[in-house]
Amino acid sequence: MVYKIVKFGDPVLETPAAAVTEFDTPELRKFVDDMFESMYAAKGVGLAATQIGVSQRVAVIDISLGENENDKIVLINPEIIKTEGRQTSEEGCLSLPGFRESVRRANRVTVRAQDIKGKVFEMTGEELLARAFLHETDHLYGKLYISHISPLKRDLIKRKIRKLAKQGE
Ligand SMILES: [Zn+2]
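Residues numbered from 1 in each chain as written. Predicted model: local features only at pLDDT ≥ 70, side-chain atom pairs only at ≥ 80, totals over all residues. Heavy atoms only, no water.

### Structural notes on the nonpolar core
Right, on to step 1. In this structure, Val32, Met35, Leu47, Val58 and Val60 are the most contacted members of the largest nonpolar core, which totals 17 residues.
Right, on to step 2. Where this core is concerned, the elements lending two or more residues are α1 (26–41), β2 (58–61) and β3 (73–84).
Right, on to step 3. Once residues within four sequence positions are removed from consideration, Val60 is found in contact with Val32, Met35, Phe36, Met39, Val45, Gly46, Leu47, Ile73, Val74 and Glu136.
Right, on to step 4. If you look at the next biggest cluster of nonpolar residues, it comprises 14 residues, including Val6, Val12, Cys93 and Leu144. (Core = buried A, V, L, I, M, F, W, Y, C linked by side-chain atoms within 4.5 Å. Buried < 20%, exposed > 50% of the residue type's maximum accessible area, 1.4 Å probe, protein only. Helix = DSSP H or I, 4+ residues; strand = E, 2+ residues; numbered from the N terminus. Contact = heavy atoms within 4.5 Å.)

This is the structure we're talking about:
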């Protein structure tokens, strides 16, 4: 099932999500499958549950956009435990369609999370994957990438979005 992506302005995007406490259930499996399906349908490399209106600490990532089965990553209750270096590159978000901004992030990031069975694991990524770990984990804290850009640029984006919303887009 493909979920509709929640757009900026919906309070669920700016509300910290609740921890997942039940693992290895058919419901969780189905939910994660649906999240991948929704992410691929929207052509994203990452999706947080808050972006489909579900306030639970679940995120999926696939920087191969579905090309490589081994690139599918499920992060449940993730936390960033180590960051190193710096990278600056353009970043966008499915919840803020049409906008991309240059964002400075760590270049090498280690995340600790649980898998679908509840097993704790750690994973280190660089460049785009590091960026995805940070971006999706932020989402689950109710934080959007525009919180990392200048207030001036952020206000400009917010103004444009409000204008588009008024025009019914
Ligand atoms: Zn996003």
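### Topic: the pattern of salt bridges
Right, on to step 1. Under the defined criterion, the tally for this structure stands at 11 salt bridges.
Right, on to step 2. For the salt bridge of Glu91 with Arg131, the shortest nitrogen-to-oxygen distance reads 2.4 Å. Note that Glu91 is positioned in strand β4 (residues 87–92) and Arg131 in helix α2 (residues 127–140), a separation of 40 residues in sequence.
Right, on to step 3. A salt bridge links Glu122 to Arg112, with the shortest nitrogen-to-oxygen separation between them at 3.0 Å. Placement of Glu122 in strand β7 (residues 120–126) and of Arg112 in strand β6 (residues 108–114) is noted, with a sequence separation of 10 residues between them.
Right, on to step 4. Look at the salt bridges and you will find they share partners, linking Glu91, Arg105, Arg131 and Asp138 into a network. (Salt bridge = Lys/Arg side-chain N within 4 Å of Asp/Glu carboxyl O.)

### A word on the coordination of the zinc ion
Coordination angles at a metal have ideal targets, namely 109.5 degrees for four tetrahedral donors and 90 or 180 degrees for six octahedral donors.
Right, on to step 1. At 2.0 to 2.3 Å from the zinc ion lie its protein donor atoms, namely Cys93 (SG), His135 (NE2) and His139 (NE2).
Right, on to step 2. Read N to C, the donor residues that coordinate the zinc ion are spaced as C-x41-H-x3-H. Residue Cys93 is found in the loop between β4 and β5 (100–105), and its partner His135 is found in helix α2; the two are separated by 42 residues along the sequence.
Right, on to step 3. Of the residues examined, Cys93 reaches a relative accessible area of 10% and is grouped as buried.
Right, on to step 4. Judged by its relative accessible area of 8%, His135 falls in the buried class. (Donors = N, O, S within 2.8 Å, 3.2 Å for Na, K, Ca; no water.)

### Digging into the sheet that holds β2
Right, on to step 1. Pairing in this open sheet of five strands is antiparallel, and the strands run β1-β2-β3-β6-β7 from one edge to the other. On the outer flanks of this sheet lie β1 (46–48) and β7, each paired with one strand and no other. Here the average twist between neighbouring strands, direction ignored, is 35 degrees.
Right, on to step 2. As paired strands, β3 and β6 are joined by six bridges and run antiparallel to one another. Each residue of the ladder has a partner; that of Lys82, found in β6, is Thr110.
Right, on to step 3. Sheet contacts for α1: β1, β2 and β3; angle to β2, the most-contacted strand, approximately 45 degrees. (Pairing = 2+ DSSP bridges. Axes fitted to C-alpha atoms, helices over the stretch in contact; angles between N-to-C directions.)

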